[in-house]
Every structure is written in C-alpha cells, then in structure tokens.
2 protein chains.
Amino acid sequence: MISVVLIGAGNVATHLFKAFSLSNQASVNQWYSRTLKSIEAYKTQVEITDNLSQLKDADVYIIAVSDDAISELSSKLPFEDRLVVHTSGSVGIYDLDKKLKRGVFYPLQTFTKGADVDFSTVPICIETIKKTDYHILKQLGQAIGSKTHRVNSDQRSALHLAAVFVNNFTNQLYRVAHEITESKGAEFDILKPLILETANKVQDLSPYVAQTGPAKRNDKKTIKKHLKSLDSEHHRTIYELLTTSIKKTHGTSTGSATKRSITKNN
Amino acid sequence: MISVVLIGAGNVATHLFKAFSLSNQASVNQWYSRTLKSIEAYKTQVEITDNLSQLKDADVYIIAVSDDAISELSSKLPFEDRLVVHTSGSVGIYDLDKKLKRGVFYPLQTFTKGADVDFSTVPICIETIKKTDYHILKQLGQAIGSKTHRVNSDQRSALHLAAVFVNNFTNQLYRVAHEITESKGAEFDILKPLILETANKVQDLSPYVAQTGPAKRNDKKTIKKHLKSLDSEHHRTIYELLTTSIKKTHGTSTGSATKRSITKNN
Ligand SMILES: NC(=O)c1ccc[n+]([C@@H]2O[C@H](COP(=O)([O-])OP(=O)(O)OC[C@H]3O[C@@H](n4cnc5c(N)ncnc54)[C@H](OP(=O)(O)O)[C@@H]3O)[C@@H](O)[C@H]2O)c1
Ligand SMILES: NC(=O)c1ccc[n+]([C@@H]2O[C@H](COP(=O)([O-])OP(=O)(O)OC[C@H]3O[C@@H](n4cnc5c(N)ncnc54)[C@H](OP(=O)(O)O)[C@@H]3O)[C@@H](O)[C@H]2O)c1
C-alpha cells in the first residue's frame, strides 16, 4: 500500500483523490488545500488541512497546484528527502526544491470538473532523478489503473507541447467548423461522428497514412472552391496554412516532383 | 423494398453495396463499373456490368464515382426522369443532367478501403429538388441504419468544408504532434487517449465550452516557452495562428477587455 499526501484542490487533485480512494494499492493519508473550503466535503473520508506545517508522513507527496505555484510551495514543505512530485507537463523537475527527492507524475489527459475520469484512459508520464523513486511512482500509477511511461524532461516537454496541438488546437478546428456550419444554418451535430472517426482512425493508423482529402490529392479545383466559399478571412488563413502543411507532409506542393512520386501510393 | 443500381466501384460504392446487402429494406439490382474487374468478386451476389446501355430499372441510381466524372456520367445515362443521385459533398445537384430526377445522397464520413463501416455512425445528407424524392432517399438511408438530414446546397457545401477542418486538418495536427514527439524520442502513442478524449468531449459540450489550455487562459509565459521549444519554423507558424484563433474566439487577445470579462467564466 502506497501512502499519499495530496496538495492542491483543483481538477487534477480531485480526480486523483477519487481514483486513490477506489484503489486498494494506494491510500490518501491527508489532503492539503490553502483554501480549506474546497475540500471540506471530503473531511469524512480523509484528514484535511490548510496548514503545511502539519503535513503527515507519506510515501509520496503530490503537488497538484497551478504551475506558477509549484516551485514556491515545494520550498515551503517542512521536511527533506521525501519523495515529492508535481503533476505538470511543463514545469521542470528541478523547479522542485532540491532538499526533496524530486519527481513528476504527469497525467497526459484533459480533466474537467464534474465529469468522471477513468484512469485506465489516462497515460501517466513519470520522471524521476533516482530509479527507486521511479518504481514507486510506477506502482502508484498502476494502483489507479493507468498505463505509466518513463520519460525524460525533453520528452515530457515534447509531449506537453504535442498535447496542445492534438487537444487545444484540434478543439479550435472543431470551433471553426462550428462557425462555418452555423453561418449557413447547417447543424454542427452532423459532424460529430466524423470527429470521432477521425480520432479513432489514428488509434491504429499513423496520421500520415490516415490522411485524405483535397490537400493530400492536391485537388486545386476543390481547394479554390473552398477558399472562395469561406466568408471569414481568418478561416481562409487557417485553411491555407493547413493545406500547405498537408502538401508539405505529402510532397504534393509544386516543385517537389520527386517526393510526389515517392508518396503517391500511400 | 427500395431497388438500387450502383454506379462506380470505389470506397463509397463498395461500402454502400455491403450495407445494402445486409439490409432487408433495400436491394441492389445491378452494379456498374467501367472497369469490370473491380467488381468481379461480387458477381455471384449481384448482376454486374460495364455497359451503361444495359442498366436495369431501379427506384434509385447511385453515382459514386470521382467528383469530376459525375456530370458527364449522368448525361450518358440511357433514360430520363428516373431518380439519380450522386454521393459527393462538393458537386452541385444541378451538375447532374437535367433530364433526370436529381438528388444528392452524401455520406458525411471518411471511408477507407478494407476497414468495415457501420452505417449507424454515418450521417447521410440528402438534397433533392422534389419532396417525394427526398422521402425515398430518407427511407434508403434508414434502410442501412443511417441518420438522414435534409440539407440545401449551401448547407451541404458548408458541411463538406467544415468536414475538411474536423477531418483533414485535425489529422494534420495529429501529424504535427507526431513530428514533435518523434523529434524528441517521445512516443506518439501516449497521445492517443487524449486524441480520443478531445473528440469525445465535443460530443456533449460545444467546442467553445470544451476549450482549455494556455491560449484560452492567455498564459503568455507558457506560450513563449512553447514557441521557443518548437524547432520547426512551420510548426511555429501553425502554433501562432491557432493560438491567435483561440484568443479571438475567447476574447483573450489584447485590446478586447470587454469581451474578456464576458467570457472569463466559461
Ligand atoms: N487540468 C488538466 O487537464 C491538467 C492535466 C494535466 C496536468 N495538469 C497539471 O496539474 C496541476 C494542477 O492543475 P489543475 O487543473 O488541477 O488546476 P486548477 O483546477 O486550476 O487548481 C489549482 C489548484 O492550485 C491551488 N493553488 C494555486 N496557487 C496556489 C498557491 N500559491 N498555494 C497553494 N495552492 C495554490 C488552487 O487553490 P485555490 O483554490 O486556493 O486557489 C487550486 O486548488 C498543474 O500543474 C497542471 O499543469 C492539469
Ligand atoms: N471516400 C470518402 O471518404 C467519401 C466520403 C463521402 C463522399 N465521397 C464521394 O463519393 C464519390 C466516390 O468517392 P470514392 O472515395 O468512392 O472514390 P474512389 O474510391 O476514388 O473511386 C472512384 C470510382 O469512380 C470511378 N470513375 C472515375 N472516373 C470515372 C469515369 N469517368 N467513368 C466511370 N467511372 C469513373 C472509378 O473507376 P475506375 O476504377 O475505373 O477508375 C472508381 O470506381 C465522390 O463523389 C466522393 O466525393 C467520398
């Protein structure tokens, strides 16, 4: 049984608390929040505190607070040499105070308050300085049903950045699609199965192989028609850039005849 | 029972043939392909032909050939006044020969040869000139388990264009994410659950409400860090444009303090 002290009371901390509570390989000894009110509802299930000097012993301390607050909070911890991790994709491991055994326990998923989270669909990226610490964190991830992945700092940064593309930017493309359909009185809902299928497809195929459409085919007539029918200058800019990007990837831009013939049959 | 003659032997025609074969409310009388070899494997299940002058009677003729070939093919049909539809999102209904009863039966989904298609996840957009034709096509869609949607030409164009954003462009963002992770030796696979969850989220929430991340929060520090760590100029351009787009949508760009305060709590 791995014992945990949770620090913070936002989305991530709350979802982790629920997951640890359901696990019989991990338990939360104590939950800290500077605003006690945020966790008061849980006080029958776990000891709560808003006082850092009263933190109890635990195998792992998880700091799940806003990125900007992690470093300072870690330096205020009233102990040394214990395993303390943060849950951020972008904060460095060395931003944690050096008096501690430092680690990162980064759940690569998007969390929303309210909605339940099934941690078996949440990959956890683990970074540690010492190998023994890695093994504890790996067990902790497995205790809530997650797949864990050992990463170094560069890899974690790359994953965090790539997550912005597949999550925030993709969602913005959905938004643009919503604007386009709405402007013509068409239902955005009709696109939902295609949105799902597009995401499903790359579970098995690489995005390279999964690509289709006018840009990949270099179908100039359709591209021109699309650009003409886009009312918003901003939408046109996005259309042009991503069309160029697809052509770049698939060697269908003018002047790269060699590349074109290589990738034609994919 | 609605009788169908299929014209064309590509992805869409093949998937439709399989779906009609499983239905007891529709049947394929005959299948035409200019290249007979493409459909020879089906000749024990359906009458096949490569001769337009031998087309049989049917309630609906479905032209599922390359966009560019639809118009000419329709004018070569050796009959008048029968219901003939194409399956394209972008070709006009009036591109079909005017001697025919014209319609569009546009499956808004991405089809891949090989992979099976469950038509209950394929919305079909129907456009007709006459209402009676609409009812036949609606029944035909329902016969293969699809949800049907009546659309006009503008709405169909908008949906087709929006589909490029949620399918081709989204897939290209997955590709960029693949390039980013690969360049740092991180596994693209770790992003797959997030890709699915991002698509899942907008099944219930609007993309506007579902948005999160540094651009939405206008977290300048993280944005700067991300831009700095992107090695590719091209990736940086995409990052900047989509960040600007999110800021535009959520009123977090500088100089729009009013909008910002309105949308802050979403
Ligand atoms: N949300 C996600 O989808 C997600 C995914 C992966 C990783 N992460 C990472 O997980 C961490 C937490 O994110 P979150 O989404 O759970 O954040 P959140 O919902 O915004 O909650 C932030 C928490 O941090 C606390 N906090 C902020 N400043 C503090 C300070 N100076 N001292 C003590 N507590 C402070 C807040 O307390 P008050 O309520 O008192 O302000 C709140 O409990 C971040 O590092 C984030 O990058 C988030
Ligand atoms: N694929 C999708 O995801 C999708 C989704 C929705 C709608 N659509 C639409 O469905 C239609 C068919 O697309 P598809 O993906 O099935 O195409 P495809 O797989 O590329 O197949 C095209 C078919 O058209 C035939 N063809 C081309 N030119 C012809 C001509 N001049 N005369 C007779 N036959 C000709 C081809 O025959 P040969 O083999 O003899 O060349 C082939 O059988 C298009 O309008 C497309 O816009 C496609």
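These numbers come from a predicted model, not from an experiment.

Some details on the environment of A:Tyr32
Residues and elements named next belong to chain A.
Alright, step 1. Mapped onto the fold, Tyr32 is located in strand E2 (residues 26-32).
Alright, step 2. Residue classification places Tyr32 among the buried positions, given a relative accessible area of 9%.
Alright, step 3. Linking Tyr32 and Ile126, residues 94 residues apart in sequence, is a C-alpha distance of 22 Å.
Alright, step 4. Those residues in contact with Tyr32 that sit more than four places away from it in its chain are Leu6, Ile7, Gly8, Ile39, Thr49, Asp50, Asn51, Leu52 and Leu55.

Examining the pairing of strand E4 (residues 60-63) of chain A
Alright, step 1. Burial along E4(A) is two-sided: A:Val60 and A:Ile62 facing one way and A:Tyr61 and A:Ile63 facing the other are all buried.
Alright, step 2. What joins E4(A) to strand E5 (residues 83-86) of chain A is helix H2 (residues 67-75) of chain A, and the crossover it makes is right-handed.

Details of the domain arrangement of chain A
All names here are of chain A.
Alright, step 1. Under the domain assignment, chain A is made up of domain 1 (2-151) and domain 2 (155-265).
Alright, step 2. The centre of domain 1, based on its C-alpha atoms, is set 37 Å off from the matching centre of domain 2.
Alright, step 3. Listed by partner, the interface residues are 15 residues for domain 1 and 7 residues for domain 2.
Alright, step 4. Both faces considered, domain 1 and domain 2 share a buried interface measuring about 750 Å² in area, 57% of it formed by carbon and sulfur atoms.
Alright, step 5. When the area that domain 1 buries against domain 2 is broken down by residue, the three leading residues are Gly89, Tyr106 and Val151, summing to 49%.
Alright, step 6. Counting across the domain 1 and domain 2 interface gives 1 salt bridge.
Alright, step 7. Put simply, the parts of the chain that give the side of domain 1 that touches domain 2 at least two residues each are strand E6 (101-107) and strand E7 (124-128).

Comments concerning the site of ligand 1
All names here are of chain A.
Alright, step 1. As a matter of local geometry, ligand 1 sits amid 21 residues, with Ala9, Val12, Arg34, Thr35 and Asp67 nearest to it.
Alright, step 2. Interatomic distance of 3.3 Å between a backbone N/O atom of Gly10 and an oxygen atom of ligand 1.
Alright, step 3. Top contributing element to the shell around ligand 1 by residue count: H2, with 4 residues.
Alright, step 4. Here the shell around ligand 1 is composed, by residue class, of 10 nonpolar, 9 polar and 2 charged.

Side note on unusual backbone geometry
Alright, step 1. A positive phi angle, near 55°, is found at A:Asn218, a position not held by glycine.
Alright, step 2. You can call A:Asn218 buried: its relative accessible area is 18%.

Focus: the packing of helix H5 (residues 192-204) of chain A against helix H5 (residues 192-204) of chain B
When two helices pack together, their arrangement is given by the angle between their axes and by how far apart the axes lie.
Alright, step 1. As a packed pair, H5(A) and H5(B) sit with axes 9 Å apart at the nearest point and diverge in direction by 170°. Looking at the two axes, H5(A) sits roughly antiparallel to H5(B). Within the contact between the two elements, H5(A) uses A:Lys192, A:Ile195, A:Leu196, A:Ala199, A:Asn200, A:Val202 and A:Gln203 and H5(B) uses B:Lys192, B:Ile195, B:Leu196, B:Ala199, B:Asn200, B:Val202 and B:Gln203.
Alright, step 2. Grouping the amino acids of the contact of H5(A) with H5(B) by side-chain chemistry returns 8 nonpolar, 4 polar and 2 charged.

Observations regarding the relation of the copies chain A and chain B
Put simply, the second copy of the chain is the first one after a rotation about an axis and a shift along it.
Alright, step 1. Relative to chain B, chain A is turned by 180° and slid 0.0 Å along the rotation axis, the superposed coordinates differing by an RMSD of 0.0 Å. Accordingly, the operation relating the two chain copies is best matched by a two-fold axis. Rotation axis and chain A: the residue whose C-alpha lies nearest the axis is A:Thr170, separated from it by 2.8 Å.
Alright, step 2. A shared interface surface links the copies, since 100% of the contact residues of chain A are contact residues in chain B too.

Looking at helix H1 (residues 11-22) of chain B
Alright, step 1. For H1(B), with 12 residues, the first-to-last C-alpha span of 17 Å sits near the 16 Å given by 1.5 Å per residue.
Alright, step 2. Within the sequence span of H1(B), burial applies to B:Ala13, B:Thr14, B:His15, B:Leu16, B:Phe17, B:Ala19 and B:Phe20.

Overview of the packing of aromatic side chains
Alright, step 1. This model, assessed by the stated rule, comprises 16 aromatic pairs over all chains.
Alright, step 2. Between A:Phe17 and A:Trp31 the ring centres are 4.7 Å apart and the planes differ by 25°, which places this aromatic pair in the stacked class. Of this pair, A:Phe17 sits in helix H1 (residues 11-22) while A:Trp31 sits in strand E2, and the two are 14 residues apart along the sequence.
Alright, step 3. Taking the relative accessible area as the measure of exposure, A:Phe17 reaches 2% and is therefore buried.
Alright, step 4. Ring centres 5.9 Å apart and planes at 35° place the aromatic pair B:Phe111 and B:Phe119 in the tilted group.
Alright, step 5. For B:Phe111, a relative accessible area of 12% corresponds to the buried category.
Alright, step 6. Under the relative-accessibility criterion, B:Phe119 is labelled buried at 4%.

The rules behind the values
- Residue indices follow the written sequence of each chain, beginning from 1 at its first position.
- Starting at A for chains and at 1 for ligands, labels are handed out in the order in which the entities are written.
- pLDDT decides what is reported in this predicted model: residues at 70 or higher carry local features, side-chain atom pairs at 80 or more are listed and counted, and totals for whole chains, interfaces and linings draw on all residues regardless.
- Just so you know, side-chain values use all the structure's heavy atoms and leave hydrogens and water out.
- Note on conventions: DSSP H or I runs of at least 4 residues are helices, E runs of at least 2 residues are strands, and numbering of each starts at the N terminus.
- Burial here depends on accessible area, computed with a 1.4 Å probe over protein chains only, as a share of the maximum for the residue type. Under 20% is buried, over 50% is exposed, and the range in between is partly exposed.
- In what follows, a contact means two residues having at least one pair of non-hydrogen atoms within 4.5 Å.
- Crossovers are described as right-handed under a simple rule: with the strands pointing away from the observer, the path leading from the first strand over the helix to the second runs clockwise.
- An automatic or database domain assignment supplies the residue ranges for each domain.
- As a working definition, buried area equals the accessible area (1.4 Å probe) given up by two parts on being put together, with both sides summed.
- The term salt bridge refers to a side-chain nitrogen of Lys or Arg lying within 4 Å of a carboxyl oxygen of Asp or Glu.
- Here a residue is near a molecule or strand as soon as one of its heavy atoms is found within 4 Å of it.
- Polar contact is defined as a pair of N or O atoms within 3.5 Å, subject to the rule that within protein one atom must be able to donate a hydrogen and the other to accept it, and that residues adjacent in sequence are counted only when both atoms are side-chain atoms.
- Gly counts as polar in this scheme, as do all residues outside two lists: the nonpolar Ala, Val, Leu, Ile, Met, Phe, Trp, Tyr, Cys and Pro, and the charged Asp, Glu, Lys and Arg.
- Axes here mean lines fitted to C-alpha atoms, for a helix over just the part in contact, with angles spanning 0 to 180 degrees between N-to-C directions.
- An angle below 35 degrees is read as roughly parallel, one above 145 as roughly antiparallel, one from 65 to 115 as roughly perpendicular, and any other as oblique.
- Copy-to-copy alignment: least squares on C-alpha atoms, limited to residues at pLDDT 70 or above in both.
- Under the convention used throughout, the expected extent of a helix is 1.5 Å for every residue step, that is, one less than its residue count.
- Any Phe, Tyr or Trp ring, taking Trp's six-membered ring, that has another such ring centre within 6.5 Å forms a pair; planes under 30 degrees apart are called stacked, those over 60 apart edge-to-face, and the others tilted.

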